[in-house]
Every structure is written in structure tokens, then in C-alpha cells.
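Remarks on the overall topology
Here are the chains, one letter per residue:
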Amino acid sequence: MGVDISSTDYAHRRRELMKMMADLKSMGAEALIDLPSVVVIGGQSAGKSSLVEAVSGINVPRDSGTCTRCPMECTMSSHATSWSCSITLRISFDSNGQDMPKTNTVPFGQTITDRNEVEVWLRRAQSAILNPNVSASSFHTKTIEELRSAKNMLKFSRNVVCVSIEDPDATDLSFYDLPGLIQNEEAETVALVKSLVEHYTQKKNTIILTTIPMSDDMENQQSMSLARAADPDGKRTIGVLTKPDTLGAGAINQRKRWVEIIEGRSEDHKLRHGFYCVRLPDDAERSQRLSRAELQRRAAEYFDTMSPWNGVTDRHRFGIPGFVSDVSRLLIQLIEEALPRLREDIDKLLAQCNKEFDALPPPLANDPQIEVLGRVNAFCDVFKSYVNGSHEDKRLAQRNRALYAIFKRDIRGTAPDFRPFEKPEEYVPLDDTKGKMSLTERDPGVKTMGIYDISRVIHEAIGWELPNNVPYQAKANLIAQFIKLWVAPSERCLAGVNDVLDQVIDALIGIHFGRFKVLEGYVGDLIRTQVDICKALAKEAVKKALDLENTPYYTQNTHYLQTLGEKWLAYYKAARNQPDEYKVNRKPYEARAQANPASEGLEYEYYHPPQSITPSERSETPQSKALRALAEAGYANLSVSDLARLLPPDSREKELIVMADVRAYYHVAYKRIIDNIPLTIEHALHHALAEQLSQSLFTSLLTDVASGHNFSERMNELVSEDPSVAQKRASLSTRKQRLSDIRRRLMTFGNNI
């Protein structure tokens, strides 16, 4: 604090800093960044109003009870040749206390040149603040009595009465005078005042001036408690001790404690910037309307002659002049230190505001009709590319392929479980002709059937057939058993595809029409109606595709059917010839593995167990010997499965043939259905929708709009912007302009000094 406050350069820079702070506040910067400021707080009867008057040189309203009901910002400038005062209202909050998009600064009345008129104009200004729904100018002519009797006012307001004082004898300073803290009022009123004080004191760039009457213990002062809560380390709090002349002659210990506090020797009450002691005019002196110079002379004489105050070494701690000088210097220092951080904060806020603004859709530039039809057309084109798989987003095709793979697995699980034994439950499933795989997910509707079960089916189907002829109906009944199990997997597959389609459609509707909520709702309903129509048609088409697998059971793929029939018959015969090899508990069934739904081979992909014997050892097996002997006899190109044909006729030959023929037909039909159902869904649902959607939408749209009274109005309505988006754009635009103005003011500071 060694700077000469009266030096020309310092005074000039101080004025410029104070002017910049005033400009920033008028721009509403306080609602966005933490501007350096000074606040005066204190309880009722703490001498706060007298302190404000002594510092500012003006009279403020005084009444019994709570008089100040909104913040008053007092800015003093010495850069003038004569005294004057002007009042403005800074409106940053609405009647509900909510932030307004833009701060409004309203001039209130004419420039005041008579100090005696300030008090009544302050009353008028505060009444205007507390009546936000009444024109401020209507209060210009109100008398004090009229103002006191006014009703239906807000109890308190966060909007500010700004007092700008030009006084050649003043020290450049700006501070907020906040409503006095109260305790003997309604709980709601007490809480309102406390909340208002906390709003200001909790800001880290705020210097807190707390007025403390020396007639009471400091521990009893609510203002000191709030200051400690906001500033626990006491780095930005200054204590202002008032009413030293109220201490009686016998209050020796009290005086001693106050001296320790003023000199900074009290361990319980330490503040970085210390305490100041001021003697303020009493009612008698106020009634005499003494000049500021005379009041300061009397206060100085009191401190210089009265014990123990005259014994304190640091005389700067007594009286208004030293106190105001130090606070002014401290505020200027705080502003200069905060400037780089304020610029950074504004840059961050502006960048975030620009980011949010840029994220909003731009205002509609096209003709409404062109906009609507263009978006519908774009939607149809994109959906068609989804269906064709040409769009970069492949989720529709990929998710449906996954569903079709599951469908293939489910159909594979409906394969007949024929075990050519009298007690089939004692044997492992025979799920492929090579004995190297077993289904791990079998449809619960599949029944395990042995020789006796097949014999019973044949017997129940016999009509007027000749002896030794197996009725065709027996095979048809067995085929029907697995065909009927295909309905549920097909319905599940279609339901899954429908869900995927709904998700894709909803996403595309949001992308193409979400900007305009009315259009999104209207066109979305039209699209979903068409989707439901195609879903119903696809359901019917799937049903027809399944019906095709019912009687007659037919195929032209006879070679495949015959080859498989022979393989299964040989396999069943071989199993009956070596039943012990297929016992459930004989050994771990090494040929178990899940069928691969993506297999495109003759049968399926199988699990191949590791070979534990050498080629030479394998060549010594009986089967290998038999094949070699047959080859030498001229029967070449035979396989192990062909050896089963050399076995003697089985007593259950006809049952085995039925098993083999039904199982062979299953594979023929299986390969057919796993393609037919997916292709039916794709064509009846996706491709049909893609082909019909454009015409359907344009027809419905134009028919509906043309039927109205005003085509243009309807189109405008469809592309009317979401009110919340328009409101957000306007709010962000206003905020962006405010931040840009604040940034410009911060960045240009220094160019004018």
C-alpha cells in the first residue's frame, strides 16, 4: 500500500479501471463472471447506513425496521469540478428473481446537483425496483409519504439502484450497500435478506466490509459470522468498528480488547487487512447537516484525544479518510490482479456459447413446400439405401443377417431325433451321417423316436396297402411333425426384424424431421402407418411360405434326396450293427459339437476330434482292409459308409428306410426354408416398403394439405420451428452478443490510458 494515491498516473489508471467496472456491470457481466467489488454488510443498528453516508457524502433513506430492500451500488469519482449525482436502475432479474436474457440499465430522473434531494430520489428508485410491473417514471414525482404508504410491492429484489457521484473531494471507489441483516421479522424475510447477503459475499473477488458496533461483542454479530463462512481465512474481509463513543468510562476491559483487535494482536479476531475504527455522526450532528470536512475533523479530534484510541501507533486505522483510501487502493489492486482471469473466463464462456449456438439448426432458409418435400424425398432415398445395403450405415442389413442366422439355427434344432434302437433313450443322438456332431440346441417340440415308435407310426397309417408296402402317410405324418415346429421360429424371426425396422425408422424420422416437431409428428404417423401395412403383408407372406412346406411334400432335388437317404440308411444300419458304440455311458461322446448356422456345405460344419492314431495304424482297421480288398476286386471309390450296404437285411428294414427317407427330406426342406423365409421377409417387408413409401407419403401429404383452406399456411405450420429451439437460439444470440461486448471492453482496456 505504498502507492501515492494522489499521483497523476495512478489516479488516471484508477479512474479508467473504475469506469471499466461500471461499463461491465451495465452490460450484465456480474451475472456471468466474478467481477471485483466491495460490499458493505451489517445488522440493524450497527451503523451501516451512517458508514455509507460518511463514505459517499450523501444521505440514504432511514426508517424504523428494514429500510434498504435492494442492493445500492455507489460509485464515486473525483474526476469532476463540481458535485453531481445521477441514479440508474440496473434490471437483471424478473419479478420472480430469475435471470433475464439481457441486463437493462434504466436512467432514473435527471442529474441531481443538490445533495439534499438525493435521499428522496433514492426512495423513489427503490420503490421503482420493488414494483417491476409499474413504469419507473411514475415514481419520479412521488412524495416520501406516498412511497411509505405504497402497497403490493416486492419484499426484496436483487435488482440494483446505481448511484453515480461526481465529487472533486471524493476518493474513487465503488461499493454495494446491502440490506441490513435482521432477526426480528418473519422467517421468510430473514431468510431472503441472508440469502441476498450470501449471494454477494460468497464471490471470491468480493471485499467484504462488515460493520461491527463496539457496544456489543463481536461474537454476537451475524455479519461477522456470514463473513467468516464466506471467507474462512479472513483474506478478503475488513472489519469496520463503529460507535466507539458508546463505550462507557467503566468499560476498561472492553476498550482493551478492541485495541488488541485494531492493532492485530487478538488471536481470536485476525483479518489479513485488519480492522478500522470510525466515529460516525450521531442524530444531533446529522440534523445540523455539517459538512464532510467538519465531521471528519470532529472524528479525528475524538480519536486523537480519547484514551485508549490516542495510544494506538497506526493512526491510519482511525477515521473515514484512511479507511476509504485503503479500501480504494485494495479494490484497484484486486481489479488489476483479476483482469487476466476475467479475460480467460469470458473467452471460455464465449467459446461454450458459440459451441451451443453452432449446435442448433440454422433458421429455415428454403420455401416451406420445398423444405417439406425435400425432406420426405431424402428420407425415402436414405431408407431405400438402407434396404439395399448401399448406405454407409449397415445396421439394418447386419442386424437382420444376425436374426436370420438365429432362425437357421432354430430350424436346424427341429431335425428329427431318430435313434434306430429298441430303447432309444439309452443311446446318443445320431445327428449327422458321419457321427461327428450333436445338436446342442434342440427344439423342445422334437421327440426322440426309436424303432418301436416308427413301427407304431407305420402301423397307424396302414390302410388298404398291399403287404410289405409302407404307407406314404407314415412318412407324411413324421414330416409334418418337424414342419409344424417351423412356425414359431419364423414368427420370432419376423418379430425381431420388425423391431429392428422400427428402430431404424424412428432414428431416420428423428434425423430427417426432428428439427420440426410438427412435421416429425405428422410425417412420422404417415410413415408408421405404411410400415404397419407392410408388416401385416409380410406376416401373411411368411405364413404362405410356411404353407408351401405342407402337403404335398415335394422336391425336384431328387439326387440330393436319394444320396442323403442312402447315407442315412447306411448310417442307421451301421449303428444297429454296432449298438455298443452308441451307448450313452460307453465313453464321453467325442463327436458333440454345435452346428454352424453359416455352413454352406453338403451337410454342416462338423467338429473334427484330434486324430490320436497314425496313418499306418488307421490303415490296419477292419474297414480299411475291407475297402482295400474291394478295390482290388474292382470295386473302387467306395467309402466306409458304403460298407453298410453289404450288411445282411435288417429285421427292421422298413422302419430304417422310413427313418432315412424322412431324415433326408428334412435336409432338403431345411435348406429350402432357411432361404425362403428370410427372402420372403426382405421382399414382402423391406423392399415393398422402400418401393411404396415415397408414393404413399407424397400422396397422403399432398391430399391432406390440399384439402385444407390454405396450402401455404399448412406448409408453414409443418416446418414451424420448435419454440424451445427458437427460444434457445434467441437466448444464446443475446448471450453471445453480451459476452462479445464484455470481451471487447476487457480487451480494449489500456488503449485509452
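The coordinates are above.
The paragraphs below set out a description of the structure included in this document. It should be emphasised that the depicted structure is a prediction, and the values quoted were computed from it without experimental measurement. (Residues numbered from 1 in each chain as written. Predicted model: local features only at pLDDT ≥ 70, side-chain atom pairs only at ≥ 80, totals over all residues. Heavy atoms only, no water.)

What follows deals with helix H3 (residues 118–130). With 13 residues, H3 extends 18 Å between its outermost C-alpha atoms, agreeing within 8% with the 18 Å of an ideal straight helix rising 1.5 Å per residue. Across the 13 residues of H3, 12 count as buried, placing the element largely inside the fold. All of the buried residues in H3 are Val118, Val120, Trp121, Leu122, Arg123, Arg124, Ala125, Gln126, Ser127, Ala128, Ile129 and Leu130. The inward-facing, buried residues of H3 abut strand E2 (72–77), strand E3 (84–93), strand E4 (99–112), helix H4 (144–148) and strand E5 (160–166). (Helix = DSSP H or I, 4+ residues; strand = E, 2+ residues; numbered from the N terminus. Expected span 1.5 Å × (residues − 1). Buried < 20%, exposed > 50% of the residue type's maximum accessible area, 1.4 Å probe, protein only. Contact = heavy atoms within 4.5 Å.)

For the rest of this paragraph, the subject is the packing of helix H10 (residues 320–359) against helix H22 (residues 723–748). The geometry of H10 relative to H22 is characterised by a closest axis approach of 9 Å and an angle of 155° between their N-to-C directions. The orientation of H10 with respect to H22, classified from their angle, is roughly antiparallel. Of the two possible hands of crossing, H10 and H22 adopt the one that is left-handed. Two secondary-structure elements touch here, H10 through Leu339, Leu342, Arg343, Ile346, Asp347, Leu349, Leu350, Cys353, Asn354, Glu356 and Phe357 and H22 through Lys728, Arg729, Leu732, Ser733, Arg735, Lys736, Leu739, Ser740, Ile742, Arg743, Leu746 and Met747. (Axes fitted to C-alpha atoms, helices over the stretch in contact; angles between N-to-C directions. Parallel < 35°, antiparallel > 145°, perpendicular 65-115°, else oblique. Left-handed = near helix turned anticlockwise from the far one by under 90°.)

Judged by pairing direction, the sheet is mixed, and its nine strands sit side by side in the order E4-E3-E5-E2-E6-E1-E7-E8-E9 without closing on themselves. Strands with a single pairing partner mark the edges of an open sheet, and in this sheet they are E4 and strand E9 (275–277). Pairs of neighbouring strands in the sheet enclose a mean axial angle of 25°, with direction left out of account. Pairing of E3 with E4 involves seven bridges; the strand directions are antiparallel. Within the sheet, the bridge partner assigned to Phe93 lies in E4 and is Asp99. (Pairing = 2+ DSSP bridges.)

With eight of nine residues buried, helix H2 (residues 48–56) lies mostly within the body of the structure. Along H2, the residues that are buried comprise Lys48, Ser50, Leu51, Val52, Glu53, Ala54, Val55 and Ser56. Downstream of H2 by one or two residues, Gly57 has phi in the positive range, about 80°.

Further remarks concern the packing of aromatic side chains. For any two aromatic rings, the description comes down to two numbers: the centre-to-centre distance and the angle of the planes. Summed over the entire model, instances satisfying the criterion amount to 17 aromatic pairs. Taking 5.2 Å as the distance between ring centres and 90° as the angle between the ring planes, the aromatic pair formed by Phe482 and Tyr666 counts as edge-to-face. In this pair, Phe482 is assigned in helix H14 (residues 472–483) and Tyr666 in helix H20 (residues 653–706), connecting sequence segments 184 residues apart. Note on accessibility: Phe482 and Tyr666 belong to one class, buried. Taken together, a centroid distance of 5.5 Å and an interplanar angle of 40° make the contact between Trp568 and Tyr572 tilted. Placement of the pair is Trp568 and Tyr572 together in helix H17 (residues 558–577), with a separation of four residues, close to one helical turn. Among the residues examined, Tyr572 registers a relative accessible area of 0% and is labelled buried. (Phe/Tyr/Trp six-rings, centres within 6.5 Å; stacked < 30°, edge-to-face > 60°.)

A word on a negative patch on the surface. The grouping of Asp217, Glu219, Glu267 and Asp268 at the surface amounts to a negative patch. Its location among the elements puts Asp217 in the loop between strand E7 (206–213) and helix H6 (222–230). (Patch = residues over 30% accessible without salt bridge, like charges linked within 9 Å, V, L, I, M, F, W, Y side chains within 5 Å. Areas by Shrake-Rupley, 256 points an atom, 1.4 Å probe, with all protein chains shown as cover. Salt bridge = Lys/Arg side-chain N within 4 Å of Asp/Glu carboxyl O. Lys, Arg positive; Asp, Glu negative; His and termini not counted. Charge placed at Lys NZ, Arg CZ, Asp CG, Glu CD.)

Now for the nonpolar core. Ranked by size, the top nonpolar core spans 87 residues in total, and within it Phe379, Phe383, Trp486, Ile527 and Ile681 carry the most contacts. For this core, the element with the highest residue contribution is H20, accounting for 22 residues. Those residues in contact with Trp486, other than ones at most four positions away along the chain, are Ile411, Thr414, Leu546, Glu549, Tyr666, Ala669, Tyr670 and Ile673. Counting 73 residues, the second-largest nonpolar core is a separate cluster that includes Leu17, Leu35, Ile207 and Ile335. (Core = buried A, V, L, I, M, F, W, Y, C linked by side-chain atoms within 4.5 Å.)

Another point: the environment of Gln503. Looking at where Gln503 falls in the secondary structure, it is placed in helix H15 (residues 487–513). In this structure, the C-alpha to C-alpha distance between Gln503 and Leu396, residues 107 residues apart in sequence, is 9.3 Å.

This part covers the pattern of salt bridges. Tallied over the full model, the rule gives 45 salt bridges. For Arg298, the salt bridge identified is with Glu294, shortest N-O distance 3.0 Å. Of this pair, Arg298 and Glu294 both sit in helix H9 (residues 292–305), four residues apart, which is roughly one turn of that helix. Residue class for Arg298 comes out partly exposed when judged on its relative accessible area of 27%. Note on Glu294: relative accessible area 23%, which makes it partly exposed. Ionic pairing is found between Arg409 and Asp410, a salt bridge with its closest N-O pair at 3.2 Å. Arg409 sits in the partly exposed class, given a relative accessible area of 26%. Salt bridges sharing common partners tie together Asp245, Arg279, Glu285, Glu294, Arg297, Arg298 and Glu301.

What follows is about the packing of helix H5 (residues 187–201) against H6. The interhelical angle for the contact between H5 and H6, taken along N-to-C directions, is 40°, at an axis separation of 10 Å. By the angle class used here, H5 and H6 are oblique. When you trace H5 past H6, the crossing you get is right-handed. The segment H5 lies against H6, with Lys194, Val197, Glu198 and Thr201 engaging Gln222, Leu226 and Ala230. Looking at the contact of H5 with H6 residue by residue, the classes come out as three nonpolar, two polar and two charged. (Nonpolar A, V, L, I, M, F, W, Y, C, P; charged D, E, K, R; others polar.)

To continue, consider the side chain of Asn400. When you line up the elements, Asn400 lands in helix H12 (residues 395–412). Assessed through its relative accessible area of 2%, Asn400 is described here as buried. In this structure, Asn400 is in contact with Arg395, Val497, Val500, Glu682 and His686, ignoring residues within four places of it in sequence.

On to the pairing of strand E1 (residues 37–41), then. Within E1, five of the five residues are buried, leaving the element largely enclosed by the surrounding structure. Residues Ser37, Val39 and Ile41 point to one face of E1 and Val38 and Val40 to the other, with burial holding for every one of them. Here five bridges tie E1 to E7, and the two strands are oriented parallel to one another. Bridge pairing in E7 places Ile41 opposite Thr210. Where E1 meets strand E6 (residues 173–177), two bridges bridge the pair, whose relative direction is parallel. Within E6, the position partnered with Val40 by the bridge is Asp177.

This brings us to unusual backbone geometry. Each neighbour pair has its own omega, and for Ser307 with Pro308 the value is 5°, a cis peptide bond. The topology assignment puts Pro308 in the loop between H9 and H10. Cis rather than trans, the peptide bond between Thr551 and Pro552 has omega equal to 0°. A positive phi angle, near 60°, is found at Lys243, a position not held by glycine. Looking at the secondary structure, you find Lys243 in the loop between strand E8 (237–242) and helix H7 (252–262). Among the residues examined, Lys243 registers a relative accessible area of 29% and is labelled partly exposed. For Arg289, which is not glycine, the phi dihedral falls at a positive 50°. Here Arg289 shows up in the loop between helix H8 (283–287) and H9. You can call Arg289 exposed: its relative accessible area is 54%.

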